[in-house]
Each structure stands twice: as C-alpha cells, then as structure tokens.
Amino acid sequence: MHLAAFLIAGNAAHSQGLWRHPASTPGGFLQLDYYRHVAQTLERGRFDLLFFADRLAVSTRYGEHHAHGIAVGDQDATRLDPLPLLGALAAVTRHIGLGATRSTTYSQPYSLAREFATLDHLSGGRAAWNVVTSVNQGEADNFGLAQTLPHDVRYDRADEFLDVTHKLWRSWQADALLLAPDGRYADATRVAAIDHAGTHFKVRGPLNIPSTPQRSPVIIQAGSSDRGQDFAARWAEVVFNIQPDLARMQRFYNDLKGRAAQFGRQPHDIKVLSAVMPFVASSRAHAEALRAQSNALADPLVGLSTLSSHMNVDFSGYALDAPLADIQVSGIQGLFKLLKEISSERQLTLADAGRLYAQGVLVPQVAGTASDIADWLEHIVAERGADGFVITPAHLPHGFDDFVEQVVPELQRRGSLRREYRGQHLRQHLAQTEG
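Residues numbered from 1 in each chain as written. Predicted model: local features only at pLDDT ≥ 70, side-chain atom pairs only at ≥ 80, totals over all residues. Heavy atoms only, no water.

A. Region of the structure containing the overall build of the protein chain. What the protein chain contains, in helices and strands, is 15 helices and 11 strands. By the compact-globule yardstick of 22 Å for 435 residues, the protein chain fits well, its C-alpha radius of gyration being 21 Å. Projected onto its principal axes, the C-alpha positions of the protein chain cover 75 × 55 × 45 Å. Counting the 435 residues in the protein chain, one finds 58% classified as buried. Taking all contacts inside the protein chain whose residues are at least 6 apart in sequence as the whole, residues at least 24 apart take part in 76%. Seen as two clouds, the 41 positive and the 46 negative side-chain charges of the protein chain have centres 4 Å apart. (Helix = DSSP H or I, 4+ residues; strand = E, 2+ residues; numbered from the N terminus. Rg over C-alpha atoms; globule rule 2.2 N^0.38 Å. Buried < 20%, exposed > 50% of the residue type's maximum accessible area, 1.4 Å probe, protein only. Contact = heavy atoms within 4.5 Å. Lys, Arg positive; Asp, Glu negative; His and termini not counted. Charge placed at Lys NZ, Arg CZ, Asp CG, Glu CD.)

See the structure below:
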C-alpha cells in the first residue's frame, strides 16, 4: 500500500486541538527542527510522501471577522509557506516525496512552474504539487477580488493552469542542457517557447529552468465534487479523500477510477489515498485512551470556525442546539455534503458537528494495537476502498513515531509495505506495487 502524511505548517492538522495536545511541542511549528524530525521519521517508515495543505488567509467567515479563529487557534490561525520549508527538508532527507499546496486561483503559471521545477531539482526528483482552486472569501479579500470565483470557473481556470504549467515544464527537452567544454551551454533548438494564449492566461515561455528529474512534479488533488473528480481524473496522480467508512470509500474509489478512460488514462494511473487518524498502542484500551485524550481537546466553536472557512459560510448566526441547516455553500461542496449525511444519520446538532469537525475534519479514527491497525488498513485496500492512506497526526512532532515504530514493521512483515525505496524519484515510489 502507499502511504502519505498530511501536514499543515502551523498549529493544527485535521485535529484542531493538536497545538494544545500535551505531547505537542509548544510553538514547535515555528521551528525547522520540528519538521525535520517529522520528515526523517516518515522516511524511516518508507512513506511515499509528505505534503502540506495550505490556505492563503486566516479564518474570517465565522462572525465575519478574523478575531474568533485567531483567538481559539483554528486550522487557519497560522500557516507558514510550505515551499521554502520543503527546500529545507530536501536537504535532510533522501527519498521521501515532498508536496506543497499552491492555488491555481491566486498564483500565476510561470512563477509556480519555476517554484516546483526548483524543488524538483534540489530534491533530486521528489517534488509534488497539491493543486487547489481556493474556496473562501478571506483569500479573495487578500488578493483583490470582491468575491471568490464561481465553482466551475475555478476549475476552468485550473484546467488551463495545469495545461500551461505542463507546457512550461516540457519547454526544455530532457537533453537540451549541454554544458559542453567547447562553450555550448545548451542546444537552443531543444528549448521552445510555448506561446500559450487562452481564456485566463497568456504565456510566451520557455521556462528559465532546464528539464527536471521528473520533468514535472507529481500532481496531488482532493476535489470531491463532480467537477472536482473530473479534474482529478484528468490531471492527478495522487488523489486524497476523506470518507468515514468503507462503503463511501468504495463509491469514491470506483467513481474516480471510472472517469480515467474519458481522459485517456488507466485506473492504475491514479493512486487513491484515503485519510485516517490512527491511535496505536500496546493494548486496545490504551489506544482508546489516546483517542479520547485527543478528542477531548475538540472545541465545537473551533470546529465551526474552520467549517465556516472551508464552506465559505458564516455559521455564527445559526443555533448551536439545532440540526445542521440545509444550506448552499460555495466552498468544499463534497465535504459539506458528507457532513450533512453524517449529521442526519447521527442526529447531530450544529455544536455536535462543530465538535466532530474539530476532532479531525471527518477523518475516520482507528484505535488499536499495531496488528489491529494493520488489519484495518489491509482490509480497506483488499476491498478496493483505497490504494493506500494519508496518515494524519493527533500531535507533533512525534505524532507519527508510534505508527512508524509499530504499525510499519507489522505491514512490512505481512508484505503490505515496502522495506526499502526503489529508485530515487517520487513517481518511482508510486509505481512500486510489490512489498
């Protein structure tokens, strides 16, 4: 199976009580050694990659002001820029893939193509780009837009953005750089302008960086709406999703893989990784206690602040003791649909939904021994619910240690996870199918 790690370069992850957890290093998320430990631990566990989610604003939707999210330390209270951080982590790791989020709404193709080409060179072919289209008003306010772009317009722009960046990454042929003793730096006939003129972008090119080890970064995507899944089926090599149970995982898996053919791709071209928050210990009782400790830190109002940001809706005006309202959102539509389904099934109030969101943004939690966790992961893969998993931590920087020290050896013993990396590049990790 394939493993990725979910991170935010800040105070939270899916668990928004992470910064308060007694096992987390206070303020460590502002220090490089914190992330170095995480990256080296994950590499020791033979993870395919780590990636940083990102957003370009603090939460401003709850109460239509930034004060609440900042005061309670929600998921957007602090976010360092992940790309410079990945440059530093490239120097202290050798194999693990390094992914950063960048928005197609608030970036330009040429500058983004340069950023990821640089990372791919400096990491020796380990760069990945988590593509987002950006959903909330706080980001629009920071970039001079009166309102966020409509859902389908965001994806239209994203399709063209990916087209342009891939043209730029291929504007240098792989053998164009010569560095010849006779003074020939490069073969200019193997470097071409792209001369792109489209609806959203006009870019001449070529890129001012030679072809990289992977030619282009691995593309990660997490769209769960119908249009988002089409986008993922066209472009993504890794698709990250949040589904609370096997039946929903299977529906997502089959739907997405079934879309590949219409874009000239094969189902195996796309690795579907489902999010999970594991709590592992020497006994089930101890693991359940670890889960209870983490979930006790979940404040409903913290969750509602993050939910407001994710859905681009102000939930502060709704009654906390009432069911989750059936409202239209312009944000992460697939995730909100899931939240409404869960709220209806469990008869949750808005406060309950906020607490659930604060615990882990609907990511399923699995508590047990290393054998229990391995059984659960293997079952999901065997039943075609996922090709692997995005592991999300309850605390940091040691939140992955127990998984790597206990679950990884169990998976390796069973032949379900690689014992060694094969090849240097991230795409080679993702192509590996044997333990």
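B. Highlighting the pairing of strand S7 (residues 218–221). Burial along S7 is two-sided: Val218 and Ile220 facing one way and Ile219 and Gln221 facing the other are all buried. In the sheet, strand S4 (residues 127–132) pairs with S7 via 4 bridges, with the strands oriented parallel. Of the residues in S7, the one forming a bridge with Trp129 is Ile219. Across 2 bridges, the pairing between S7 and strand S8 (residues 238–241) is parallel. Residue pairing in the sheet places Ile220 in a bridge with Val238 of S8. Note on the crossover from S7 through helix H7 (residues 226–235) to S8: the handedness is right-handed. (Pairing = 2+ DSSP bridges. Right-handed = clockwise from strand over helix to strand, strands pointing away.)

C. Broad picture of the environment of Ala158. Mapped onto the fold, Ala158 is located in helix H6 (residues 151–169). Sequence separation between Ala158 and Val132 is 26 residues; the distance between their C-alpha atoms is 8.3 Å. Apart from the residues within four sequence positions on either side, Ala158 is in contact with Thr104, Thr133 and Phe231.

D. Spatial organisation of the side chain of Glu410. Within the fold, Glu410 resides in helix H14 (residues 401–413). The exposure class of Glu410 is buried, given its relative accessible area of 15%. Side-chain polar atoms of Glu410 contact the side chain of Arg414, separated by 2.8 Å. Glu410 has contacts with Ala370, Ser371 and Ala374, leaving out every residue within four places of it along the chain. (Polar contact = N/O pair within 3.5 Å; in protein donor to acceptor, adjacent residues only side chain to side chain.)

E. Main features of unusual backbone geometry. The omega torsion across Gly205 and Pro206 is 0 degrees, close enough to zero to call that bond cis. When you line up the elements, Pro206 lands in the loop between strand S6 (202–203) and S7. In this model, Leu396 is joined to Pro397 through a cis peptide bond whose omega is 10 degrees. Here Pro397 is to be found in the loop between strand S11 (388–391) and H14. The residue Asn312 is not glycine, and still its phi comes out positive at about 60 degrees. In this fold, Asn312 is placed in the loop between helix H10 (300–311) and helix H11 (333–346). For Arg384, which is not glycine, the phi torsion reads 55 degrees and is therefore positive.

F. Summary view of the packing of helix H4 (residues 109–123) against H6. Following both chains from N to C, one finds H4 and H6 inclined at 55 degrees, their axes separated by 9 Å at the closest point. Classed by the angle they form, the pair H4 and H6 counts as oblique. Considering only the axes of H4 and H6, their crossing is right-handed. Residues Pro109, Tyr110, Leu112, Ala113, Phe116 and Ala117 of H4 lie in contact with H6, whose contacting residues are Phe161, Val164, Thr165, Leu168 and Trp169. (Axes fitted to C-alpha atoms, helices over the stretch in contact; angles between N-to-C directions. Parallel < 35°, antiparallel > 145°, perpendicular 65-115°, else oblique. Left-handed = near helix turned anticlockwise from the far one by under 90°.)

G. Region of the structure containing helix H12 (residues 350–360). The element H12 is extensively covered by neighbouring structure, given that 9 of its 11 residues are classed as buried. As for H12, its buried residues are in contact with strand S9 (271–280), helix H9 (284–295), H10, H11 and strand S10 (365–368). Phi for Val361, located one or two positions after H12, is positive at around 50 degrees.

H. View of the nonpolar core. One finds Leu50 and Phe315 to be the most contacted residues of the largest nonpolar core, which totals 113 residues. Counting residues per element, this core draws most heavily on H6, at 7 residues. (Core = buried A, V, L, I, M, F, W, Y, C linked by side-chain atoms within 4.5 Å.)

I. A look at the packing of aromatic side chains. The full count for this structure, using the stated rule, is 16 aromatic pairs. Taken together, a centroid distance of 4.7 Å and an interplanar angle of 25 degrees make the contact between Tyr106 and Phe143 stacked. Note that Tyr106 is positioned in the loop between strand S3 (97–103) and H4 and Phe143 in the loop between helix H5 (137–142) and H6, a separation of 37 residues in sequence. Accessibility expressed as a relative area gives 13% for Tyr106, which makes it buried. Considering the side-chain rings of Phe161 and Phe201, the 5.4 Å spacing of their centres and the 90 degrees angle between planes classify their relative orientation as edge-to-face. Remark: Phe201 occurs in the loop between strand S5 (196–197) and S6 and Phe161 occurs in helix H6; sequence separation between them is 40 residues. (Phe/Tyr/Trp six-rings, centres within 6.5 Å; stacked < 30°, edge-to-face > 60°.)

J. Spotlight on the pairing of S9. The buried fraction of S9 amounts to 10 of the 10 residues, a majority that puts the element mostly inside the structure. Burial along S9 is two-sided: Lys271, Leu273, Ala275, Met277 and Phe279 and Val272, Ser274, Val276, Pro278 and Val280, pointing in opposite directions, are all buried. Alignment of S8 against S9, held across 4 bridges, turns out to be parallel. Bridge pairing links Asn241 to Ser274 in S9. Two strands pair when backbone bridges link them, and S9 and S11 are joined in this way by 4 bridges, in the parallel orientation. Within S11, the residue paired with Val276 across the bridge is Ile391. For S9 and S10, the ladder comprises 4 bridges, and the chain directions are parallel. Note that in S10 the partner of Met277 across the bridge is Gln365.

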